[in-house]
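Topology and contacts: notes
If you want the building blocks of each chain, they are given just below.
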Amino acid sequence: MGTIYQSIEMLSKEKGINPQVVIDAVKDAMLAAARKQFKGNEELVADFDEKTGAIQISAVKNIVEQVQDPVKEISLGEATDYDRTAQVGGQIKFPKKTEALGRISAQTAKQVIMQKVREAERDTIFNEFHNRVGELVNCTVKRMEMGDLVCDVSSKTEARLPKREQSRLESFQVGDRVRCVIKSVERSGKNSGVILSRADCEFVKRLFEQEVPEIYDNTVVIKACAREAGERTKIAVASRDRDVDSVGACVGMKGMRVQSIIRELRGEKIDIIEHSEDPIQFATHALSPAKISRVSVIDSNDRHMEVIVDDNQLSLAIGKKGQNVRLAAKLIGWKIDIKSEEEKRREVEAQMAQLQVSGAPLSVLIDFGLPDKVVERLFEAGIGTVERLGAMTPEEIQAIPGITAKALESIQYSVNAYYGPYEEEAPAEAAPAAEAPAETGAAAADATPAAVETEPEKEAEG
């Protein structure tokens, strides 16, 4: 049986876990098997003998003065038959025959041991790597699983590089050496363990730190990064030293530094942009290589801006499938609307035409004697401008709910008064409203022009 302890020590070294964890797992497994075999409500405990490697299963009973539960309790008198030093409050162990544990119990024990060992292994990996998230590591491809790569990051630890975290430009074979960034460490779930990435922005940042000494010593700072793996990366940098050019430091002599990173990314395009606290200037830089005509902020709270470019720069600013503007918006953290000069000109012309069509608001007729209540009735009917009212026939106006014959005359008077100064210039405009109604009713027939002129409000309300 001594070989059991040797096996436990070997397993512990192989998995990099504490031997005591494995011993506890074996004890728990034996208890689970014993409960399944013996059944009943007895309290069982397992004791491990390191010298022999034997595990003894025992039923435990508490020593009490008066027994209420014979399965779990024993009187002091009975206890002294087994142990003369027994006292109330102590416990007596009754060994069980482990030979009775069958094949099914052994299988149960094996499953419990493996589960406990896996849990301990996950905890060990988590404790080792959770503080290393974002770190660049060199690893070796060990095997492939449904597009995912399983890599060795240390002698005892495997990590997973999922397909979604790989660039479409890359392909690896078993045995290849790859550089990745540790994206996360999962403690539980199907993909528990260390998750690697070559598609994350952090991967590009770590590569720049390795290639650019100014970034490593914090003279140049990476302020933001936006990336579509395998396509293009935009990275914004700022210098903390007035004498150091942040973009030049990242590009390097004859582009050597950035070319080294591009080779690592298998030819992915990289735009290095100078960061600015001014969102308009930052947006101008971020949309490079396109040349920007002007930028206007639509809503600073919602971080929304409009960018105008020359007609021949529009496709360049938007980029292939909208990629350039999408990355720029992600980089600066603003919503960007891009329009060409021609587009903006048409938009402004449409707005001007809309203003001209809208005309004078109906409320101006209040100054020409039209009662407020009549204006409200017209508004409710969807008539918002004097021009719209002037284009209607008396019959159409009187068909509006709440418009009486007297109110109609008041409307006609107000419209005529409004167009009075323009009659010589444009007499046709006032003609529709100046026409006399075909049938105005008795009250309207009795009204004289003098009455309309002196008391238009009373007639409208009457």
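Cut-offs and rules
Residues numbered from 1 in each chain as written. Predicted model: local features only at pLDDT ≥ 70, side-chain atom pairs only at ≥ 80, totals over all residues. Heavy atoms only, no water. Helix = DSSP H or I, 4+ residues; strand = E, 2+ residues; numbered from the N terminus. Buried < 20%, exposed > 50% of the residue type's maximum accessible area, 1.4 Å probe, protein only. Contact = heavy atoms within 4.5 Å. Areas by Shrake-Rupley, 256 points an atom, 1.4 Å probe, with all protein chains shown as cover. Core = buried A, V, L, I, M, F, W, Y, C linked by side-chain atoms within 4.5 Å. 1 Å grid on protein atoms, 1.4 Å probe; cavity = no way out; pocket = protein on both sides within 12 Å on 5 of 7 lines; lining within 4 Å. Points joined across faces, edges and corners; volume = space filled by probe spheres on them. Nonpolar A, V, L, I, M, F, W, Y, C, P; charged D, E, K, R; others polar. Pairing = 2+ DSSP bridges. Axes fitted to C-alpha atoms, helices over the stretch in contact; angles between N-to-C directions. Salt bridge = Lys/Arg side-chain N within 4 Å of Asp/Glu carboxyl O. pLDDT = per-residue confidence, 0-100. Expected span 1.5 Å × (residues − 1).

Attention now moves to the overall build of the chain. Counting secondary structure elements, the chain contains 20 helices and 15 strands. For the chain, the residues scored as buried account for 40% of the 462 residues in total. Nonlocal contacts in the chain, meaning residues at least 24 apart in sequence, comprise 60% of its contacts between residues at least 6 apart. Accessible surface computed for the chain: about 26700 Å², of which carbon and sulfur atoms make up 48%.

Core analysis: the largest hydrophobic core is formed by 24 residues, its most contacted members being Leu287, Met305, Val307, Leu331, Ile332, Ile336 and Ile338. Ranked by the residues each element gives to this core, the list is headed by helix α11 (residues 323-332), at 6 residues. Dropping the residues within four chain positions of it, Ile332 is found in contact with Phe282, Ala283, Ala286, Arg303 and Met305. The next biggest cluster of nonpolar side chains, apart from the first, holds 22 residues, and it includes Ile8, Ala86, Phe94 and Val117.

Per the counting criterion, the structure on display carries 1 cavity of 30 Å³ or more. Approximately 30 Å³ is the volume attributed to the largest cavity. Residue lining of the largest cavity: Arg179, Leu207, Gln210, Glu211, Ser260 and Ile261, and that is the complete set. Mapped by element, the contributors of at least two residues to the lining of the largest cavity are α5 (201-211) and α8 (256-264). Ranked by the residues each element gives to the lining of the largest cavity, the list is headed by α5, at 3 residues. Residues that form the lining of the largest cavity fall into these classes: 2 nonpolar, 2 polar and 2 charged.

Further remarks concern unusual backbone geometry. The linkage connecting Ser288 with the following residue, Pro289, adopts the cis geometry, with an omega of 10°. Here Pro289 shows up in the loop between α9 (279-286) and β13 (292-299). Even without being glycine, Arg266 reaches a positive phi, approximately 60°. By the secondary structure assignment, Arg266 is in the loop between α8 and β12 (269-274). Notably, Arg303 is not glycine yet its phi reads approximately 55°, a positive angle. Position of Arg303 relative to the elements: it lies in the loop between β13 and β14 (304-309).

Sheet architecture is open: 3 strands sit in the order β13-β14-β15, paired in mixed fashion. A strand with exactly one partner marks an edge of an open sheet, and here the two such strands are β13 and β15 (335-340). Neighbouring strand axes in the sheet, compared pairwise and without regard to direction, differ in orientation by 25° on average. Alignment of β14 against β15, held across 6 bridges, turns out to be parallel.

On to the pairing of strand β2 (residues 55-64), then. Among the 10 residues in β2, 8 count as buried, and that is most of the element. Taken together, the 6 bridges between strand β1 (residues 43-48) and β2 define a ladder with antiparallel strand orientation. Directly across from Val45, in β2, lies its bridge partner Ser58. Pairing analysis gives 5 bridges linking β2 to strand β4 (residues 91-95), with the strands arranged antiparallel. In the strand pairing of β4, Val60 is matched with Lys93.

Tallying each qualifying case throughout the model produces 28 salt bridges. Lys339 is the partner of Glu306 in a salt bridge, and the nearest nitrogen-oxygen pair spans 2.8 Å. Pair noted here: Glu306 is in strand β14 and Lys339 is in strand β15, with a separation of 33 residues, a long-range link. Taking the relative accessible area as the measure of exposure, Lys339 reaches 16% and is therefore buried. Here the salt bridges share partners, and the residues they tie into one network are Lys142, Arg143, Glu145, Asp148, Glu158 and Arg160.

Let's shift gears to the confidence of the model for the chain. Residues of the chain with pLDDT of at least 70 account for 84%, and the chain-wide mean is 80. Below a pLDDT of 50 lies the segment residues 424-462, which in the model reaches 44 contacts outside its immediate sequence neighbourhood of four places, other chains included.

For the rest of this paragraph, the subject is helix α16 (residues 405-419). An ideal rise of 1.5 Å per residue puts 21 Å on 15 residues; α16 measures up with 21 Å between its terminal C-alpha atoms. Counting buried positions over the 15 residues of α16 gives 11, a clear majority of the element. All buried positions along α16 are accounted for by Ala405, Ala407, Leu408, Glu409, Ser410, Ile411, Gln412, Ser414, Val415, Tyr418 and Tyr419.

Relative to the elements of secondary structure, Ala328 occurs in helix α11. Exposure remark for Ala328: the relative accessible area of 0% places this residue in the buried category. Sequence separation between Ala328 and Arg227 is 101 residues, and the spatial gap between their C-alpha atoms is 9.9 Å. Setting aside residues no more than four positions away along its own chain, Ala328 makes contact with Lys234, Ala286, Leu287 and Ile336.

Ordered by their spatial adjacency, 5 strands build a closed barrel running β5-β6-β7-β9-β8, and the pairing between neighbours is mixed. In this sheet, neighbouring strand axes are inclined to one another by 55° on average, regardless of whether the strands run parallel or antiparallel. Two elements, strand β6 (residues 148-152) and strand β7 (residues 158-161), share 4 bridges in a ladder whose sense is antiparallel. Bridge pairing links Leu149 to Leu161 in β7. Its contacts with the sheet put α5 on β5 (136-145), β8 (177-186) and β9 (193-197), and the angle it makes with β8 is roughly 130°.

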